[in-house]
Amino acid sequence: QSALTQSASVSGSPGQSITISCTGTSSDVGSDNFVSWYQHYAGKAPKLLIFDVSKRPSGVSDRFSGSKSGNTASLTISGLQTEDEADYYCCSRARDGTYVFGTGTNVAVL
Amino acid sequence: QVQLVQSGAEVREPGASVKVSCKASGYTFTNYFMHWMRQAPGQGLEYMGLVEAGNGNTLYAQKFQGRVTMTRDTSTSAIYLELSSLGLDDTAVYYCAREPPRQCFFDYWGQGTLVTVSS
């Protein structure tokens, strides 16, 4: 199972919106709506931001939103804040019941 | 509150095995699937597999089949990851994570365990 493809880095100014894409195949991202997104600060445990493509867990800011089209999922961060500087990973369940993560995107707030 | 507390850092020589634990608390352990992931230095998250806490069934990522064993102990609400035939590229932080029933995401994660493989 190959890793899902994400841009290595994305940057934006405070207050701007950025979008991170996650491209897989018809065997993972495109096969169902089980795409999730995680925020990861170095040295910390990853944090769930989005599940089932576009749902937010309780307590996650509504500045984070998710969507999907075909084999590509996207995470949008609106009203970018300095605290959003982190690595972001998408994740999809594969048809064999295992999971596959994206290659990760580093977000920089300029 | 839900907590997943992992065992401490380990150092192993190439060819050896390592066993990492993850102790759960704050919820009904047997109702959940538990997963293991890892992150090598400078790399992204990599999925390794899962163990069903209720019945011990496992499912491993193809890459690790044959040298990974995931088990659980319901008496202590703990899961274990054993990785054998360690190579230098197994140096990584290993994470456990919980999957809620009938869901497909990981809502709580352990703090991570650094495993260093060095001669």
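Above this text you will find the structure in question.
Residues numbered from 1 in each chain as written. Chains lettered and ligands numbered in written order. Predicted model: local features only at pLDDT ≥ 70, side-chain atom pairs only at ≥ 80, totals over all residues. Heavy atoms only, no water.

Undergrad: Explanation requested: the overall build of chain A in the structure shown.
TA: From N to C terminus, chain A includes 0 helices and 10 strands. Ordered by position in the sequence, the α and β elements of chain A form the string β-β-β-β-β-β-β-β-β-β. In terms of C-alpha radius of gyration, chain A reaches 13 Å, essentially the compact-globule figure of 13 Å for 110 residues. Based on the C-alpha atoms only, the size of chain A along its principal axes is roughly 40 × 25 × 25 Å. Counting every position in chain A, which comprises 110 residues, the buried fraction comes to 46%. Considering only intrachain contacts with a sequence separation of at least 6, the fraction spanning at least 24 residues in chain A is 58%. For chain A, the exposed surface amounts to about 4800 Å²; the carbon and sulfur share of it is 44%. If the 8 positive side-chain charges of chain A are averaged to one point and the 9 negative ones to another, these points end up 5 Å apart. (Helix = DSSP H or I, 4+ residues; strand = E, 2+ residues; numbered from the N terminus. Rg over C-alpha atoms; globule rule 2.2 N^0.38 Å. Buried < 20%, exposed > 50% of the residue type's maximum accessible area, 1.4 Å probe, protein only. Contact = heavy atoms within 4.5 Å. Areas by Shrake-Rupley, 256 points an atom, 1.4 Å probe, with all protein chains shown as cover. Lys, Arg positive; Asp, Glu negative; His and termini not counted. Charge placed at Lys NZ, Arg CZ, Asp CG, Glu CD.)

Undergrad: Explain the sheet that holds strand 7 (residues 68-73) of chain B here, please?
TA: What links the strands of a sheet is backbone hydrogen bonding, and the strands pair in either a parallel or an antiparallel sense. Residue and element names in this part refer to chain B. Across the sheet, which stays open at both edges, the 4 strands sit in the order 1-3-8-7 with antiparallel pairing between neighbours. Both outer strands of the open sheet, strand 1 (3-6) and strand 7, are each paired with one neighbouring strand and no more. In this sheet, adjacent strand axes meet at a mean angle of 20° when their direction is disregarded. Pairing of strand 1 with strand 3 (residues 18-25) involves 4 bridges; the strand directions are antiparallel. Across the sheet, Gln6 pairs through a bridge with Cys22, a residue of strand 3. (Pairing = 2+ DSSP bridges. Axes fitted to C-alpha atoms, helices over the stretch in contact; angles between N-to-C directions.)

Undergrad: Is there a simple way to explain the nonpolar core in this structure?
TA: For soluble globular proteins, the rule of thumb is that nonpolar side chains tend to be buried together. Counting 46 residues, the largest nonpolar core has Phe101 of chain A together with Trp36, Met48, Phe106 and Trp109 of chain B as its most contacted members. Formed by 23 residues, the second largest nonpolar core is a distinct cluster that contains Val10, Val29, Ala73 and Val109 of chain A. (Core = buried A, V, L, I, M, F, W, Y, C linked by side-chain atoms within 4.5 Å.)

Undergrad: Sorry if this is basic, but what is going on with the sheet that holds strand 1 (residues 5-6) of chain A here?
TA: All names here are of chain A. The antiparallel open sheet is built from 4 strands, whose spatial order is 1-3-7-6. Each having just a single partner strand, strand 1 and strand 6 (64-69) make up the two edges of the open sheet. Here strand 6 runs beside strand 7 (residues 72-77); their pairing, made up of 6 bridges, is antiparallel. When the bridges of strand 7 are listed, Ser67 appears paired with Ser74.

Undergrad: Looking at this model, I keep getting lost on the interface of chain A and chain B. Mind explaining?
TA: Interfaces are often sized by the accessible area lost when the parts come together. With 20 residues of chain A in contact, the opposing surface of chain B contributes 21 residues. Summing both sides of the interface, chain A and chain B together bury roughly 1600 Å²; the carbon and sulfur share of this comes to 68%. One can count 0 salt bridges joining chain A with chain B. Taken together, the connections running from chain A to chain B amount to 4 residue pairs in polar contact (both at pLDDT 80 or more). Grouping the constituent residues of the side of chain A that touches chain B by class yields 10 nonpolar, 6 polar and 4 charged. (Buried area = accessible area lost by both parts, 1.4 Å probe. Salt bridge = Lys/Arg side-chain N within 4 Å of Asp/Glu carboxyl O. Polar contact = N/O pair within 3.5 Å; in protein donor to acceptor, adjacent residues only side chain to side chain. Nonpolar A, V, L, I, M, F, W, Y, C, P; charged D, E, K, R; others polar.)

Undergrad: I keep staring at the state of the cysteines and nothing clicks. Help me out?
TA: If you walk through the whole model with that rule in mind, you get 2 disulfides over all chains. Between Cys22 of chain A and Cys90 of chain A runs a disulfide, and the two sulfur atoms are separated by 2.0 Å. What sets the handedness of the Cys22 of chain A and Cys90 of chain A disulfide is the S-S torsion sign, and at about 80° it is right-handed. Of this pair, Cys22 of chain A sits in strand 3 (residues 18-23) while Cys90 of chain A is found in strand 8 (residues 86-93), placing the two residues 68 residues apart along the sequence. Classification of Cys22 of chain A by relative accessible area gives buried; the value is 0%. For Cys90 of chain A, a relative accessible area of 0% puts it in the buried group. Between Cys22 of chain B and Cys96 of chain B runs a disulfide, and the two sulfur atoms are separated by 2.1 Å. The sign of the 70° torsion about the S-S bond sets the Cys22 of chain B-Cys96 of chain B disulfide as right-handed. Here Cys22 of chain B is found in strand 3, whereas its partner Cys96 of chain B is found in strand 9 (residues 92-99), with 74 residues between them in sequence. Here Cys22 of chain B falls in the buried class, since its relative accessible area comes to 1%. (Disulfide = S-S within 2.5 Å.)

Worth remembering: the numbers are spatial, not functional.
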